[in-house]
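Report on the structure
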Amino acid sequence: MSSSKRKYIVVLGSIMSGLGKGIVTSSLLRMIKIRGYDVVPIKFDGYLNVDCGTMNPFRHGEVFVLDDGAEVDMDFGTYERFLNKSLSSICSITGGKLFKTILEKERRGEYLGRDVQFIPHLTDEIKKRVLEAGEQTKADILIIEVGGTVGDLENGYFLEAMRQLSHDEEVLFLQLTYVHSLSKGEPKTKPTQHANRLIQSLGIKPEIILCREDEPLIKEAKEKIGLYCNINQESIYDDPYVNSVYKLPATLEKQGLYDDIAKRLRLRKKEVKVGKWRKYVKNIDRAKKEVNIALIGKYTSVKDAYVSVEEALVHSGATLNLKPKLTFVEANEIEKNGAEILKDCHGIIVPGGFGKRGIEGKISAIEYARKNNKAFLGLCLGMQMMVVEYARNVLGWKSANSTEFDKNTPYPVIDLLPEQQRIVEKGGTMRLGAYPAVIKKETYAYECYGKEQIEERHRHRYEVTPRYTEKLEKEGLIFSGRSPKKQIVEMAEWKNRLGIATQAHPELKSRLEEPAPLFVGFLRNVVRVKKLSR
Ligand code: GLN
């Protein structure tokens, strides 16, 4: 498709952050995709980090990883889950990437003596990247989510670039806003009016307004927004609270949002293909059978630090008609009070993580799971600690550890990958992205995946030290998956089949319509444990 026919939707957040722009963008992606269009998201992030790889989950939530190894904003997780499609790093445009390119170009003298400016050099670079992403993905429609809130210094240059883009291309702007009600029946539209005026002062005219709200919009509120924001009242939509994000596309469609967009962008009527999505969304609501799962983490006070793990449980729960009840447990809570606090749960997850804090608590939780026949799922660091626990408590190597936490351990059962030994830079230097693994037949991992060759995404520096694997295996730990050539341990499990773990992050590829096989396998185990505990 030529760029002249490609269409663009730009999603702007106004008034405040945290309104769920990512979920709205994902819902738009979904409603357009099911009508047979190729639709691809682009995310603008104004921060000066090149990518999210160096960001602490405490400040920024989960770091999401794409197949190509890009470490991106967690909104990409939502996009992929709603689209059921893997995206690439060209879809992520950050302030850091832009300025890096511009400054490198300047140093090479490529601006031919000109002073380098925000307009046109930076804005041109943004437009170039957007157009290139369209060409590379061959998308019919690009949906661009502008990170941050209109009025922030950080995203001003992105907005200017979009204003310019709308001059040459067909661009539809959508404003997401918040209508607060002081008391029931008293919605306040003034902040929306001011925010809209701010957007219009930038030369951008939103044609659609979506309102997060305390109560459904009453007629008077719509009239006011319509009048002051110079917008057709039919194009003002409720963006209500939904108890599952997967319900939002249908909630918005019912109000006519897709038809409105289709009319404005002159999209043809196409057959709608909803697939298994609708059935699974219903299952999320209907499932009655509860199972208790504990996630032992170190960023548990942050809402978004483990979002992909949470969603992978929702997906596998929907397939199995289960309601997984997830409790977050701080690892150092276990260090203080012992692993007995986990006695009421049927399954235990130790997710990925970095740094020493909480490690001993995680190891105790794994020991508790192994000795008390609980279901266990180890993800990346979780698998590494499963190996450490086994070495310490089954092989009797009491001071076994990962060299990430104890450089001088006599039993370094987890050690840096050889290619990591000389790396000093932090950003983008881990073993990142999709790597293949080969699964051993007759293991629980094989039962979960149903095939030998698989591919999952990675983000780590350490691995199981090859010289210890034979001894560990002899004592009963099963290494059920390995990398095809390098013999990196990719998966491990206990003989009782209740404990499974992987060096990868299968949660990153879990989708409602295609749940991660290891999570489904884990939940099946959780059900087994629940039955046995009765
Ligand atoms: N810190 C460990 C490593 O670098 C585990 C990383 C993770 O859990 N993502 O190998």
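Our subject in this report is the structure included herewith.

1. Quick look at the overall build of the protein
Per the secondary structure count, the protein includes 18 helices and 22 strands. The C-alpha atoms of the protein give a radius of gyration of 25 Å, which matches the 24 Å a tight globule of 534 residues would have. By principal-axis analysis of the C-alpha atoms, the protein measures approximately 75 × 60 × 45 Å. Of the contacts formed within the protein by residues at least 6 apart in sequence, a portion of 74% connects residues at least 24 apart. For the protein, the exposed area adds up to about 23400 Å²; of that, 50% sits on carbon and sulfur atoms. For the protein, the distance from the average position of its 86 positive side-chain charges to the average position of its 72 negative side-chain charges is 4 Å.

2. Let's talk about the side chain of Lys97
Position of Lys97 among the secondary structure elements: in helix H4 (residues 95-107). A distance of 3.4 Å separates the side chain of Lys97 from the backbone oxygen of Ser89, its partner in a polar contact.

3. Concerning the pairing of strand E7 (residues 170-181)
For E7, the tally of buried residues reaches ten of twelve residues, placing the bulk of the element in the interior. Where strand E1 (residues 7-13) and E7 come together, seven bridges link them in parallel fashion. Bridge pairing in E7 places Val10 opposite Phe173. When E7 meets strand E9 (residues 208-213), the two strands line up parallel, connected through six bridges. For Tyr178, the partnering residue across the bridge sits in E9 and is Arg212. The pairing of E7 with strand E8 (residues 187-188) spans two bridges and is antiparallel.

4. Some remarks on the site of the ligand
All residues in the neighbourhood of the ligand are listed as Gly352, Gly353, Phe354, Cys380, Leu381, Gln384, Glu404, Arg459, His460, Arg461, Tyr462 and His505. The separation between an oxygen atom of the ligand and a polar main-chain atom of Leu381 is 3.1 Å. When the ligand sits alone it has 300 Å² of accessible area, and the protein chains cover 99% of it. Those elements giving two or more residues to the shell around the ligand turn out to be helix H15 (381-393) and strand E18 (453-460). Looking at side-chain class alone, the shell around the ligand contains four nonpolar, five polar and three charged residues.

5. Remarks on helix H10 (residues 257-265)
Given 3.6 residues per helical turn, the α-helix brings residues three or four places apart onto the same face. Taken together, the buried positions of H10 are Leu257, Tyr258, Asp260, Ile261, Ala262 and Leu265. Those residues of H10 that are buried lie in contact with E1, helix H1 (21-33), E7, E9, strand E10 (236-238) and helix H9 (248-254). Looking one or two residues past H10, Arg266 carries a phi angle of roughly 50°, positive in sign.

6. Things to note about the sheet that holds strand E12 (residues 322-330)
Strand order in the open sheet formed by nine strands is E12-E11-E13-E14-E22-E21-E20-E17-E18, with mixed pairing between adjacent strands. With partners counted over all chains shown, the strands left at the sheet margins are E12 and E18, one partner each. Taken over all neighbouring pairs, the strand axes of this sheet differ in orientation by 25° on average, direction set aside. Of the pairings in the sheet, the one linking strand E17 (residues 431-439) to E18 comprises eight bridges and is antiparallel in character. Counted as the bridge partner of Ala434 is Arg457 from E18. Helix-sheet contacts for helix H14 (residues 359-371) involve strand E11 (289-297), strand E13 (347-350) and strand E14 (375-379), and the interaxial angle to E13 is about 150°. Packed onto the sheet, helix H18 (residues 517-532) meets E11, E12, E13, E14 and strand E22 (499-502) and runs at close to 155° relative to E14.

7. Topic: the state of the cysteines
As enumerated under the stated definition, the model contains zero disulfides in all. With no disulfide of its own, Cys52 has Cys91 as its nearest cysteine by sulfur position, at a separation of 14 Å. Classification of Cys52 as buried rests on a relative accessible area of 1%.

8. Here's the deal with helix H8 (residues 219-229)
Those residues of H8 that fall on the buried side of the exposure criterion are Ala221, Ile225, Gly226 and Cys229. The buried residues of H8 occupy an angular sector of 130° when the element is viewed end-on, so they sit on one face. Looking at H8, the residues exposed on the side facing more than 90 degrees away from the buried face are Lys219 and Leu227. Where H8 is buried, its residues meet E7, E8, helix H7 (190-201), E9 and E10. Looking one or two residues past H8, Asn230 carries a phi angle of roughly 60°, positive in sign.

9. Quick look at the pattern of salt bridges
A complete count under the given rule lists 36 salt bridges for this structure. Taking the shortest distance from any N to any O, the salt bridge between Glu186 and Lys188 comes out at 4.0 Å. For Glu389, the salt bridge goes to Arg370, with nearest N and O atoms at 2.8 Å. Here Glu389 is found in helix H15, whereas its partner Arg370 is found in helix H14, with 19 residues between them in sequence. The exposure classification of Glu389 matches that of Arg370, with both residues buried. Shared partners join several salt bridges into a network, and the residues in it are Lys43, Asp45, Asp73 and Asp75.

10. As for the packing of aromatic side chains
Going through the model one piece at a time under the given rule, you end up with 15 aromatic pairs. Between Phe99 and Phe118, the ring centres sit 5.9 Å apart and the planes meet at 65°, which makes this aromatic pair edge-to-face. Residue Phe99 is located in helix H4, and its partner Phe118 is located in helix H5 (residues 118-137); the two are separated by 19 residues in the primary sequence. Taking relative accessible area as the criterion, Phe99 reaches 23% and is therefore assigned partly exposed.

11. Looking at the packing of helix H11 (residues 277-286) against helix H12 (residues 307-320)
Axis separation between H11 and H12 bottoms out at 8 Å; the angle between their running directions is 95°. Accordingly, the angle class assigned to the pair H11 and H12 is roughly perpendicular. Side by side, H11 and H12 meet where Tyr280, Asn283 and Ile284 of the first sit next to Val314, Ala318 and Thr319 of the second.

12. Quick look at a positive patch on the surface
Taken together, the side chains of Arg278, Lys282, Arg286, Lys288 and Lys323 present a region of like positive charge at the surface. The leading source of residues in the positive patch is H11, at three residues. By the secondary structure assignment, Arg278 is in helix H11. On the basis of relative accessibility, which here comes to 52%, the residue Arg278 falls in the exposed class.

Reading the values: rules and limits
Residues numbered from 1 in each chain as written. Predicted model: local features only at pLDDT ≥ 70, side-chain atom pairs only at ≥ 80, totals over all residues. Heavy atoms only, no water. Helix = DSSP H or I, 4+ residues; strand = E, 2+ residues; numbered from the N terminus. Rg over C-alpha atoms; globule rule 2.2 N^0.38 Å. Contact = heavy atoms within 4.5 Å. Areas by Shrake-Rupley, 256 points an atom, 1.4 Å probe, with all protein chains shown as cover. Lys, Arg positive; Asp, Glu negative; His and termini not counted. Charge placed at Lys NZ, Arg CZ, Asp CG, Glu CD. Polar contact = N/O pair within 3.5 Å; in protein donor to acceptor, adjacent residues only side chain to side chain. Buried < 20%, exposed > 50% of the residue type's maximum accessible area, 1.4 Å probe, protein only. Pairing = 2+ DSSP bridges. Near = heavy atom within 4 Å. Nonpolar A, V, L, I, M, F, W, Y, C, P; charged D, E, K, R; others polar. Axes fitted to C-alpha atoms, helices over the stretch in contact; angles between N-to-C directions. Disulfide = S-S within 2.5 Å. Arc of directions from axis to C-beta. Salt bridge = Lys/Arg side-chain N within 4 Å of Asp/Glu carboxyl O. Phe/Tyr/Trp six-rings, centres within 6.5 Å; stacked < 30°, edge-to-face > 60°. Parallel < 35°, antiparallel > 145°, perpendicular 65-115°, else oblique. Patch = residues over 30% accessible without salt bridge, like charges linked within 9 Å, V, L, I, M, F, W, Y side chains within 5 Å.

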